[in-house]
Amino acid sequence: YLNSAKMGDDLKGYLKSSYVDYRDIYASFIQRSLELVGEDSYSTLVTPENYMFQSSLEDTREYLLSNSELIEGAHLSGHSFDMGDRPFTIPIVLRKSQNSKNLTRFYRMTHDQDEYSSFNEKISGLNTIVNDLRSGSEVKDVFEVKQSTFEKIEQYPFVYWYGPEILEKFEKGTKFENLVFSQSGAVIGNNSKFLRKIWEVPSDQIGERYQPWVRSE
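Residues numbered from 1 in each chain as written. Predicted model: local features only at pLDDT ≥ 70, side-chain atom pairs only at ≥ 80, totals over all residues. Heavy atoms only, no water.

Turning to the overall build of the protein chain, a few remarks are in order. Looking only at helices and strands, the protein chain features seven helices and five strands. Ordering the α and β elements of the protein chain from the N terminus gives α-α-β-α-β-β-β-α-β-α-α-α. Here the C-alpha radius of gyration of the protein chain, 24 Å, is well above what a compact globule of 217 residues would show, namely 17 Å. Summarising its shape, the C-alpha atoms of the protein chain cover approximately 80 × 45 × 40 Å along the three principal directions. When the 217 residues of the protein chain are sorted by exposure, 33% land in the buried category. Within the protein chain, contacts between residues at least 6 apart in sequence are counted, and of these 59% link residues at least 24 apart. Total accessible area on the protein chain stands at roughly 14,100 Å², and carbon and sulfur atoms take up 49% of it. With 25 positive and 33 negative side-chain charges, the protein chain shows a spacing of 5 Å between the two charge centroids. (Helix = DSSP H or I, 4+ residues; strand = E, 2+ residues; numbered from the N terminus. Rg over C-alpha atoms; globule rule 2.2 N^0.38 Å. Buried < 20%, exposed > 50% of the residue type's maximum accessible area, 1.4 Å probe, protein only. Contact = heavy atoms within 4.5 Å. Areas by Shrake-Rupley, 256 points an atom, 1.4 Å probe, with all protein chains shown as cover. Lys, Arg positive; Asp, Glu negative; His and termini not counted. Charge placed at Lys NZ, Arg CZ, Asp CG, Glu CD.)

Pasting the structure below:
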């Protein structure tokens, strides 16, 4: 991975002209991995997790939703390697397909969960989850969601952990913007010209020529 702010001009220009997302080189690599496999074939990746929800990587999410089926992902986040808590990752399995009808399965095993706060606990927890799934036991840290649900949310964040009840509201509910009209409040337009500190104006003009104005700095 390499953020675009640290790229040279040639690399940034190439990624920008060749891929839907150039803001981190791993985002371009995700797209390239799908280009290299045949239709209905699989690509398995271990990447940073931030493409799932970071606003600047919205184009990557849109590309994945349009061109692949998200099969399953193990959201490990921190301590996904034994060398330390970084990087924050998610191993994920993708199928190159534009017809996604199956549920995507996510295993939530992030470092902010007490039972998965170290590398060894993640390995043990993942084995437990897999064994429980194979035996048909109930597993609390497994989420299944239709990937089309993400398309109903602005900027397409992969917020699978919201659970079906909340995600359904995005899919079937009415947007707030369709219920009410909102706009910004009063705007000065030129603070240096029209605003003064209270000690800068004659006290007898406060409430007359100068009106009190509450604003944040």
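Following the structure, the description resumes.
The interhelical angle for the contact between helix H2 (residues 25-35) and helix H3 (residues 58-67), taken along N-to-C directions, is 15 degrees, at an axis separation of 10 Å. It follows from the interaxial angle that H2 and H3 lie roughly parallel. For the element pair H2 and H3, the recorded crossing hand is left-handed. Packed against H2, whose contacting residues are Ala27, Ile30, Gln31, Leu34 and Glu35, the element H3 presents Thr60, Tyr63 and Leu64 at the interface. Here the residues of the contact of H2 with H3 sort into five nonpolar, two polar and one charged. (Axes fitted to C-alpha atoms, helices over the stretch in contact; angles between N-to-C directions. Parallel < 35°, antiparallel > 145°, perpendicular 65-115°, else oblique. Left-handed = near helix turned anticlockwise from the far one by under 90°. Nonpolar A, V, L, I, M, F, W, Y, C, P; charged D, E, K, R; others polar.)

Taken as a whole, H2 has its buried residues at Tyr26, Ala27, Ser28, Ile30, Gln31, Ser33 and Leu34. Turning to H2, the residues buried within the fold contact helix H1 (9-18), strand S1 (42-48), H3, strand S2 (68-75) and strand S3 (89-96).

It is worth spelling out the side chain of Asp21 at this point. You can see Asp21 is positioned in the loop between H1 and H2. Polar side-chain contacts of Asp21 include one of 3.3 Å to the backbone nitrogen of Arg23. Not counting the four nearest positions on each side in its chain, Asp21 is found in contact with Ala27, Ser28, Ser56, Leu57, Glu58, Asp59 and Thr60. (Polar contact = N/O pair within 3.5 Å; in protein donor to acceptor, adjacent residues only side chain to side chain.)

Turning to empty space enclosed by the protein, a few remarks are in order. By the definition in use, this model includes one cavity of 30 Å³ or more. The space that makes up the largest cavity amounts to roughly 30 Å³. Taken together, Val20, Ala27, Ile30, Gln31, Thr60 and Tyr63 make up the lining of the largest cavity. Broken down by element, the residue count for the lining of the largest cavity peaks at three residues, all from H2. (1 Å grid on protein atoms, 1.4 Å probe; cavity = no way out; pocket = protein on both sides within 12 Å on 5 of 7 lines; lining within 4 Å. Points joined across faces, edges and corners; volume = space filled by probe spheres on them.)

It is worth spelling out the layout of surface pockets at this point. The space that makes up the largest pocket amounts to roughly 430 Å³. In terms of lining residues, the largest pocket is bounded by 16 residues, among which Leu195, Arg196, Lys197, Gln211 and Trp213 are the most central. The class makeup of the residues in the lining of the largest pocket is nine nonpolar, two polar and five charged.

Another aspect to go through is a nonpolar patch on the surface. Together, Val46, Phe81 and Met83 make up an exposed nonpolar region whose accessible area comes to about 320 Å². Structurally, the position occupied by Val46 is in strand S1. (Patch = residues over 30% accessible without salt bridge, like charges linked within 9 Å, V, L, I, M, F, W, Y side chains within 5 Å. Salt bridge = Lys/Arg side-chain N within 4 Å of Asp/Glu carboxyl O.)

The next thing to look at is the nonpolar core. Ranked by internal contacts, the top residues of the largest apolar core, which has 24 residues, are Tyr51, Leu64, Leu94, Phe150 and Phe158. Broken down by secondary-structure element, the contributors of at least two residues to this core are H2, H3, S3 and strand S5 (142-146). Considering each element in turn, this core owes the most residues, four residues, to H2. Those residues in contact with Leu94 that lie beyond four places of it in its chain are Ile30, Leu34, Ser41, Tyr42, Ser43, Leu45, Leu64, Ser68, Glu69, Leu70 and Ile71. Among the nonpolar cores identified, the runner-up in size contains eight residues, and Leu76, Met109, Val139 and Val142 belong to it. (Core = buried A, V, L, I, M, F, W, Y, C linked by side-chain atoms within 4.5 Å.)

What follows deals with the sheet that holds S3. What links the strands of a sheet is backbone hydrogen bonding, and the strands pair in either a parallel or an antiparallel sense. Across the sheet, which stays open at both edges, the five strands sit in the order S1-S3-S2-S4-S5 with mixed pairing between neighbours. On the outer flanks of this sheet lie S1 and S5, each paired with one strand and no other. When the angles between neighbouring strand axes are averaged without regard to direction, this sheet yields 20 degrees. With four bridges connecting them, S2 and strand S4 (residues 103-108) associate as parallel partners. (Pairing = 2+ DSSP bridges.)

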